[in-house]
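Now for the letters of each chain:
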Amino acid sequence: MSQSTHVAYDTLIPNNVGLSSDRKVLKALERWHPKFLDWWTQMGPDGFQEFPVYLRTAVSVEREGWAQFGYVKMPDYRWGILLAPAIEGRTIGFGAHKGEPVWQEVPGEYRSMLRRLIVIQGDTEPASVEQQRFLGNTAPSLYDMRNTFQVNVEEARHLWAMVYLLQKYFGRDGREEAQELLRRKSGDGDAPRLLGAFNEQTPDWLSFFMFTFFTDRDGKMQLESLAQSGFDPLARTTRFMLTEEAHHMFVGQSGVARVLQKTCDLMRANRIEDPHEAERIRGLGVIDLPLIQRKLNFHFSVSLDLFGSELSTNAANFFNSGLKGRYRESEIDDDHRLVDDLYPVSKIVEGRIDTVEAPALPALNMRLRDDYVRECARGVERWNRVIEKAGVDFRLTLPHVAFNRAIGEFASINAAPDGQLLEDPAWLAQRDHFLPTADDGTYLQSLMQPVREAGKYASWIAPPARPIDNQPEDFEYVQIPS
Ligand code: BYC
């Protein structure tokens, strides 16, 4: 086994980066570790730290057999530093340095840009753990509880991944940034997380499923772009993070599908034809489909903001410098420099939304967002198949990209989910049709009653199609003493 695929467990921090012979970085990480554990106990999952949870832990970076399942108390989880295997002879795949060997050290002229990218990526990881902190208390089953905890420990491992890069390659400012990652807190008035979506609340399980579907998918797109980086340690670490990320999006895709299934099944069983009969449907203890649409509208629009502005010199610079590529850059058939290329960009022209050709380099955020929207649309279609198969007349749709935006071209206007521009009074009059209302929140909270009996599920969600790791249906994913 080569050095880069062998995972060493002899240090406090499992790794395949040769930490035991890198004393300086090992020491810095060992100093950071207790602070991380303090953060985890204060800001990580509330109330379940002492109980064994059936978790997967990354034990290898090979495609097969990279994870091992077993009961672990969360504070004992082995948060490791794992980089995907190095590719011999790898060259920079895009931008002004295309064709040059990838960097193993930070290129001086790009130091601050690179640090900024790593810090932003690193900031989102603990933020999501903080946002999901209280969900365990209201989990609709032990299966779902375990899935959240799995997502949480892996996001925390992704924090480790970024902290390793900061401490190994950025000296003193890297160490300071690593501290800051534990100081900022989601939603904190004085020291909030860096990106908007990571300061929102995740107050209920429908929000959690939407978050893992929409916001984790932004994570996937951004990680895919960083996995193309000419800074090889960043490319390799994000490549391996993507292995874990797939499960997080599965939690969102299948979670919403199970909610839809239960609602549709009960509507049919009770002969309710009209999905808008919210009161009758809520009387059955399930979530009405228009409420699910409103939640979708919220999470999609907030996640679109994570792509930054449609036209961004930062984005052009990240690409030109070889630090951040496009989604699956290596599979795109063009010159990978884009100097003279154009890209269609949505814009407000004479009071309506139009598409204009813009230089491709500054339009890279928009391009990544387009890739993202296409993927989201495919997932929504899968949800629609659940509704259709159940024989209910309703379709979920993605709102227009101009809807409910706080960043970029559409931040200063109001648009309906169909893209129609609205004056303020019209927006205010219809807002409650578009976005979750206080009443929706109260109803969802009333459903959030914990179910802790193995193999049992809350009234509003169908059981999963398959258990985790081929375990029996009544498997005790979290061992909570009675
Ligand atoms: N909120 O040129 P602009 C994940 C700032 S999620 C607040 O338009 P740029 C995960 C921007 O920073 C993926 N501020 O944007 C998911 C800039 O500030 P400065 C995380 C925002 O720089 C679930 C200014 O506005 N990774 O992994 O081209 C669970 C002008 O910005 C926002 C990354 O994002 C916002 N929404 O693009 C767990 C990858 N948007 O520099 C984890 C790394 C923009 O003027 N980050 N701003 O002070 C990037 O590539 C870019 O920084 C962004 C922004 C795409 C985020």
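If you're wondering where the values come from, they're calculated on a predicted model, not measured in any experiment.

Enquirer: Explain the nonpolar core here, please?
Expert: In terms of nonpolar packing, the biggest core is built from 117 residues, with Y164, W383 and W460 touching the most fellow members. With 16 residues, helix α3 (residues 142–169) is the largest single contributor of residues to this core. When sequence neighbours within four positions are dropped, the list of residues in contact with Y164 reads V17, L19, V25, L29, I81, L83 and Y169. Counting 13 residues, the second-largest nonpolar core is a separate cluster that includes L338, Y343, A358 and A363.

Enquirer: Explain the pattern of salt bridges to me, please; I cannot follow it from the model alone.
Expert: If the charged atoms of two oppositely charged side chains come close together, the side chains can form a pair. Across all of its chains, the model carries 33 salt bridges by this definition. R115 is the partner of E177 in a salt bridge, and the nearest nitrogen-oxygen pair spans 3.6 Å. Of this pair, E177 sits in helix α4 (residues 171–183) while R115 sits in helix α2 (residues 111–131), and the two are 62 residues apart along the sequence. Its salt-bridge partner being D305, residue R405 comes within 2.7 Å of it at the nearest N-O pair. Placement of R405 in the loop between α10 (364–389) and β5 (414–415) and of D305 in the loop between α8 (289–304) and α9 (313–320) is noted, with a sequence separation of 100 residues between them. Under the relative-accessibility criterion, R405 is labelled buried at 6%. For D305, a relative accessible area of 15% translates into the label buried.

Enquirer: I tried to follow the packing of aromatic side chains on my own but got confused; where do I start?
Expert: In this description, an aromatic ring pair is defined by two values, namely the gap between the centres and the angle between the planes. Scanning all chains against the criterion turns up 33 aromatic pairs. With centroids separated by 4.9 Å and ring planes inclined at 90°, the aromatic side chains of W32 and W160 adopt a geometry described as edge-to-face. Of the two residues, W32 sits in helix α1 (residues 23–43) while W160 sits in helix α3, which places them 128 residues apart along the sequence. For W32, a relative accessible area of 1% puts it in the buried group. Relative to F231, the ring of Y169 lies with its centre 5.2 Å away and its plane at 85°, an arrangement referred to as edge-to-face. Pair noted here: Y169 is in helix α3 and F231 is in the loop between α5 (205–226) and α6 (232–269), with a separation of 62 residues, a long-range link.

Enquirer: Mind showing me how you'd approach the pairing of strand β4 (residues 352–359) here?
Expert: Moving residue by residue along a regular strand, the side chains alternate between the two faces of the sheet. Bridge count for strand β3 (residues 342–349) against β4 is eight bridges, and the pairing is antiparallel. Each bridged residue has a counterpart across the sheet, and for K347 the counterpart in β4 is D354. Where β3 folds back onto β4 in an antiparallel hairpin, the turn is made up of two residues, including E350, whose phi is positive at roughly 45°.

Enquirer: What is the right way to read α9 from this model?
Expert: Each turn of an α-helix holds 3.6 residues, which means side chains three or four residues apart point in the same direction. Those residues of α9 not exposed but buried are A315, A316, F318 and F319. An end-on view of α9 places all buried positions within 160° of arc, on one side of the element. Of the surrounding elements, those touching the buried residues of α9 are α2 and α10. Two to three positions downstream of the cap, the backbone nitrogen of N314 sits 3.2 Å from a side-chain oxygen, assigning the N-cap of α9 to S312.

Enquirer: Which parts of the structure should I look at to understand a positive patch on the surface?
Expert: Taken together, R23, K24, K27, R31, K35, R172 and R175 make up a surface patch of like positive charges. The set of elements that each furnish at least two residues to the positive patch consists of α1 and α4. The dominant element in the positive patch, judged by the number of residues it contributes, is α1, at five residues. Its location among the elements puts R31 in helix α1.

Cut-offs and rules
Per chain, the residues get numbers from 1 upward, laid out in the order the sequence is written. Whole-chain, interface and lining totals are the exception, using all residues; otherwise, since this is a predicted model, local features are given only for residues with pLDDT of at least 70 and side-chain atom pairs are given and counted only at 80 or more. As a rule here, side-chain values come from all non-hydrogen atoms in the structure, and water together with hydrogens is ignored. Remark: nonpolar core denotes a set of buried residues (Ala, Val, Leu, Ile, Met, Phe, Trp, Tyr, Cys) joined through side-chain atoms within 4.5 Å. Here the term buried applies to any residue with accessible area under 20% of the maximum for its type, exposed to any over 50%, and partly exposed to those in between, with areas from a 1.4 Å probe on protein chains only. Every helix listed is a DSSP run of H or I at least four residues long, and every strand listed is a run of E at least two residues long, numbered separately from the N terminus. In what follows, residue pairs with any heavy atoms lying within 4.5 Å of each other are defined as contacts. In what follows, salt bridge is the name for a side-chain nitrogen of Lys or Arg lying within 4 Å of a carboxyl oxygen of Asp or Glu. For Phe, Tyr and Trp, rings pair up if their centres lie within 6.5 Å, where Trp contributes its six-membered ring, and each pair is then called stacked (planes under 30 degrees apart), edge-to-face (over 60) or tilted (otherwise). Any two strands between which DSSP finds at least two bridges are classified as paired. To obtain the arc, one takes the directions from the helix axis to the C-beta atoms. Think of a polar contact as two N or O atoms within 3.5 Å of one another; within protein, one of them needs to be a possible hydrogen donor and the other a possible acceptor, and neighboring residues in sequence only count if both atoms come from side chains. Patches here are clusters of residues that have more than 30% relative accessible area and form no salt bridge, with a 9 Å joining cutoff for like charges and a 5 Å cutoff for nonpolar side chains (Val, Leu, Ile, Met, Phe, Trp, Tyr). We get accessible surface area from the Shrake-Rupley algorithm with a probe of 1.4 Å; when it comes to residues, only the shown protein chains can shield them. Note on charges: Lys and Arg go in the positive column, Asp and Glu in the negative column, and His and the chain ends are not counted at all. Where a charge lies is defined by one atom per residue type: Lys uses NZ, Arg uses CZ, Asp uses CG and Glu uses CD.

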